[in-house]
Amino acid sequence: QAILVWITESHLHEKAMPEHVVMVLNSSAAAHRLLLSLAIAVSYLQVQSCDAIYDITSLETQSAACDASLTEAEDAGAVFLQTGQAKVQARSPNIALIVLDQWRWDYAGFDEPDVSMPTLKELASRGTRFTKSYVPSPLCTPSRTALAAGRHHMNMWVTGNWQDYIQPGKSTTTFMTLLQRAGYTTMVAGKDHLSGGSGVGPDGSTHASELGFDMFHRTMDKYEFCAAGNSKSMFNGESTTRSPFPIDEYGAWLLKQGRWQEQCDTYGPYAQGTACSESQLCSTRSPYALQCGCYCSQLNQIDENLGVDKWVEQQAELLVREHLLLHGTEKPWFLQVDFPSPHPPHVLTDAEFRRTAKKTYPVPIQGIDSISDNTLLHMQRSYAALVEMLDGELGKFVSFLNSSAVLDDTVIIVTADHGEHLG
């Protein structure tokens, strides 16, 4: 006996609440479940009318019963949600949404290539793996903005990495805003990439409140945190110059450590720094210029304590600590932890690269002729090393939640914005 409430995607948005609902049931014995669903629909979704009830067994339409049920539901709905909502709120879980950037589905440490992710495997053993899930878009910003809006990519106004989620005349309600209204503190650490055109600013505040974040520590893409332009110039085959000053919070933090210039020398704008620039992919005339950072042979050019992913994990801990200091454990929190890796450039320390230096990986079904086998293998090993490093950062964060006595009250979701060709 099943009930289907037919609600379209647009009903998730503030100004598009449904006015009608169609209920489908396969026997009259499901009437009490129909009433419960209608009660939720009336009180929570602000449904104004019930078009029809279809009894699949008799193939008859019962419009009169539909109207009667809706009237009854209006009375029951308020009681249901007034008595049930307090219970739901009292046990609303914290939510940690962990987003890796450009992470292949098969480099996850399960049955695939030789990648070690013990933290992820431990989480999966106590949870659920969604093995047939698909992202909205193969590009960072379009995928991330579609997630924030709860919409399919075809219904979004963001089509490129150089565009902002916040645009005049567009719907801007995000799921983070809805969580705020439900009583959550909403936070983000790392590369949310929802302000691809405007950037996040040295204090991370650009569009933050409009996006629905109460607290934040934000960084740009690893290609962009030293760049004066944005990715559109690289897509157009134009050169991108280096920024004379930090453009995000990570850069501002590096400047305080006296390491901003050094880090930018290594990374450069769009991986045109000392770690990667000798690659044949780094010519701005190359159709693969944006993949320049996939081959970075110069190791030990960064201090492992200054890496951007380590910074993101530290900021995630700081945000949770601040929330607990302000609200204790009574108020639930949502935290999106956006690691910028394993997206290029694949800048690594020698210790990080040693994890995968002797491993081999499957060759592409159809590769790029101009990339040698040795170059491809180095790219794969570097990518896998970044994935394994991120599992270590994930482990630190999970341990922090445990030591803060909030792990058991926290739902942890690990996902990615899109994948990676790796040749």
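See above for the structure.
In this text, all values refer to a predicted model and were calculated from it rather than measured experimentally. (Residues numbered from 1 in each chain as written. Predicted model: local features only at pLDDT ≥ 70, side-chain atom pairs only at ≥ 80, totals over all residues. Heavy atoms only, no water.)

Enquirer: When you look at the overall build of the protein in this model, what are you seeing that I'm missing?
Expert: When you go through the protein residue by residue, the secondary structure sums to twelve helices and nine strands. Taken over 423 residues, the protein has a buried fraction of 50%. For the protein, the share of sequence-separated contacts (at least 6 apart) that also reach a separation of at least 24 residues comes to 71%. Put simply, the protein shows about 20000 Å² of open surface, and 53% of that area lies on carbon and sulfur atoms. (Helix = DSSP H or I, 4+ residues; strand = E, 2+ residues; numbered from the N terminus. Buried < 20%, exposed > 50% of the residue type's maximum accessible area, 1.4 Å probe, protein only. Contact = heavy atoms within 4.5 Å. Areas by Shrake-Rupley, 256 points an atom, 1.4 Å probe, with all protein chains shown as cover.)

Enquirer: Looking at this structure, I do not really get the pairing of strand E5 (residues 94-101). What am I missing?
Expert: Look at any regular strand and the pattern is simple: side chains alternate between the two faces of the sheet. In terms of burial, E5 is largely enclosed, as eight of its eight residues are buried. Burial along E5 is two-sided: Asn-94, Ala-96, Ile-98 and Leu-100 and Ile-95, Leu-97, Val-99 and Asp-101, pointing in opposite directions, are all buried. Sheet topology places E5 next to strand E9 (residues 410-416); seven bridges connect them, and they run parallel. Its bridge partner lying in E9, Leu-100 is registered against Ala-416. Inspection of the sheet shows E5 paired to strand E8 (residues 333-342) by seven bridges, in the parallel sense. Within E8, the residue paired with Ile-98 across the bridge is Val-337. (Pairing = 2+ DSSP bridges.)

Enquirer: Where do I start with the state of the cysteines in this structure?
Expert: By definition, a disulfide links the sulfur atoms of two cysteine residues through a covalent bond. One pass over the full model with this rule turns up two disulfides. There is a disulfide in this structure between Cys-226 and Cys-264, and the S-S distance comes to 2.0 Å. The chirality of the disulfide connecting Cys-226 with Cys-264 is left-handed, given an S-S dihedral of about -85°. Note that Cys-226 is positioned in the loop between strand E7 (215-218) and helix H7 (231-235) and Cys-264 in helix H9 (residues 260-267), a separation of 38 residues in sequence. Across the pair, Cys-264 and Cys-226 agree in class, each one buried. There is a disulfide in this structure between Cys-276 and Cys-296, and the S-S distance comes to 2.0 Å. The chirality of the disulfide connecting Cys-276 with Cys-296 is right-handed, given an S-S dihedral of about 90°. Of this pair, Cys-276 sits in the loop between H9 and helix H10 (308-327) while Cys-296 sits in the loop between H9 and H10, and the two are 20 residues apart along the sequence. Left without a disulfide partner, Cys-294 is nearest to the cysteine sulfur of Cys-296, which lies 7.9 Å away. (Disulfide = S-S within 2.5 Å.)

Enquirer: Explain unusual backbone geometry to me, please; I cannot follow it from the model alone.
Expert: A negative phi holds for most residues other than glycine; trans holds for most peptide bonds. Omega for the peptide link from Ser-341 to Pro-342 comes to 5°, which places this bond in the cis form. With respect to the secondary-structure elements, Pro-342 resides in strand E8. Between Pro-344 and the following residue, Pro-345, the backbone shows a cis peptide bond with an omega angle of 0°. For Pro-345, the position within the fold is in the loop between E8 and helix H11 (350-354). A positive phi is found at His-193, a non-glycine position, where the angle reads about 55°.

Enquirer: Help me understand the environment of Leu-211 in this model?
Expert: On the secondary structure map, Leu-211 appears in helix H6 (residues 208-211). Setting aside its immediate chain neighbours within four residues, Leu-211 contacts Tyr-165, Ile-166, Thr-174, Met-176, Thr-177, Leu-194, Ser-195 and Arg-218.

Enquirer: Even after reading the chapter, I still don't get the sheet that holds E9, so can you show me in this structure?
Expert: The pairing of strands in a sheet happens through backbone hydrogen bonds and is either parallel or antiparallel. Read across the sheet, five strands follow the order E7-E6-E8-E5-E9 without closing on themselves; strand pairing throughout is parallel. Looking at strand neighbours, the two that pair on one side only are E7 and E9, the edges of this open sheet. For this sheet, the mean angle separating the axes of adjacent strands, direction not counted, is 10°. When strand E6 (residues 185-190) meets E8, the two strands line up parallel, connected through six bridges. The residue of E8 that forms the bridge with Gly-190 is Asp-338. Where helix H4 (residues 140-149) meets the sheet, it contacts E5 and E8, and its direction lies at approximately 165° from that of E5. Running at roughly 170° to E8, H10 makes contact with E6, E7 and E8 of the sheet. (Axes fitted to C-alpha atoms, helices over the stretch in contact; angles between N-to-C directions.)

Enquirer: Looking at this model, I keep getting lost on the nonpolar core. Mind explaining?
Expert: Soluble globular proteins tend to bury their nonpolar side chains together. One finds Ile-98, Trp-103, Phe-225, Trp-333, Leu-335, Val-337 and Phe-397 to be the most contacted residues of the largest nonpolar core, which totals 63 residues. Of all elements in the fold, only E5, helix H3 (118-125), E6, helix H8 (249-256), H9, H10, E8 and helix H12 (373-403) reach the threshold of two or more residues within this core. Once residues lying within four places of it in the same chain are set aside, the contact partners of Val-337 are Leu-97, Ile-98, Val-99, Ala-189, Val-312, Ala-316 and Phe-397. (Core = buried A, V, L, I, M, F, W, Y, C linked by side-chain atoms within 4.5 Å.)

Enquirer: I tried to follow the packing of aromatic side chains on my own but got confused; where do I start?
Expert: As enumerated under the stated definition, the model contains eleven aromatic pairs in all. Judged by centre distance (5.3 Å) and plane angle (65°), the ring pair of Trp-157 and Tyr-165 falls under edge-to-face. A relative accessible area of 11% means that Trp-157 is categorised as buried. For Tyr-165, a relative accessible area of 0% corresponds to the buried category. Each ring, one from Phe-225 and one from Trp-260, has its centre 6.5 Å from the other, and the planes form 70°; the classification is edge-to-face. With Phe-225 in the loop between E7 and H7 and Trp-260 in helix H9, this residue pair connects regions lying 35 residues apart in the sequence. Put simply, the rings of Phe-225, Tyr-250, Trp-253, Trp-260, Tyr-267 and Trp-311 touch in pairs and so form one group of aromatic residues. (Phe/Tyr/Trp six-rings, centres within 6.5 Å; stacked < 30°, edge-to-face > 60°.)

Enquirer: Any chance you could explain H4 here in plain terms?
Expert: Side chains of residues three or four places apart in an α-helix project in the same direction, reflecting 3.6 residues per turn. For H4, the buried fraction is high: nine of the ten residues fall into the buried class. Within H4, burial applies to Cys-140, Thr-141, Pro-142, Ser-143, Arg-144, Thr-145, Ala-146, Ala-148 and Ala-149. A positive backbone phi angle near 70° is found at Gly-150, which sits one or two residues after H4.

Enquirer: Quick question: what am I supposed to make of H12 here?
Expert: Compared with an ideal rise of 1.5 Å per residue, which puts 31 residues at 45 Å, H12 spans 45 Å between its outermost C-alpha atoms and is within 8% of the ideal. Just beyond H12, the residue with positive phi is Ala-405, at close to 60°. (Expected span 1.5 Å × (residues − 1).)

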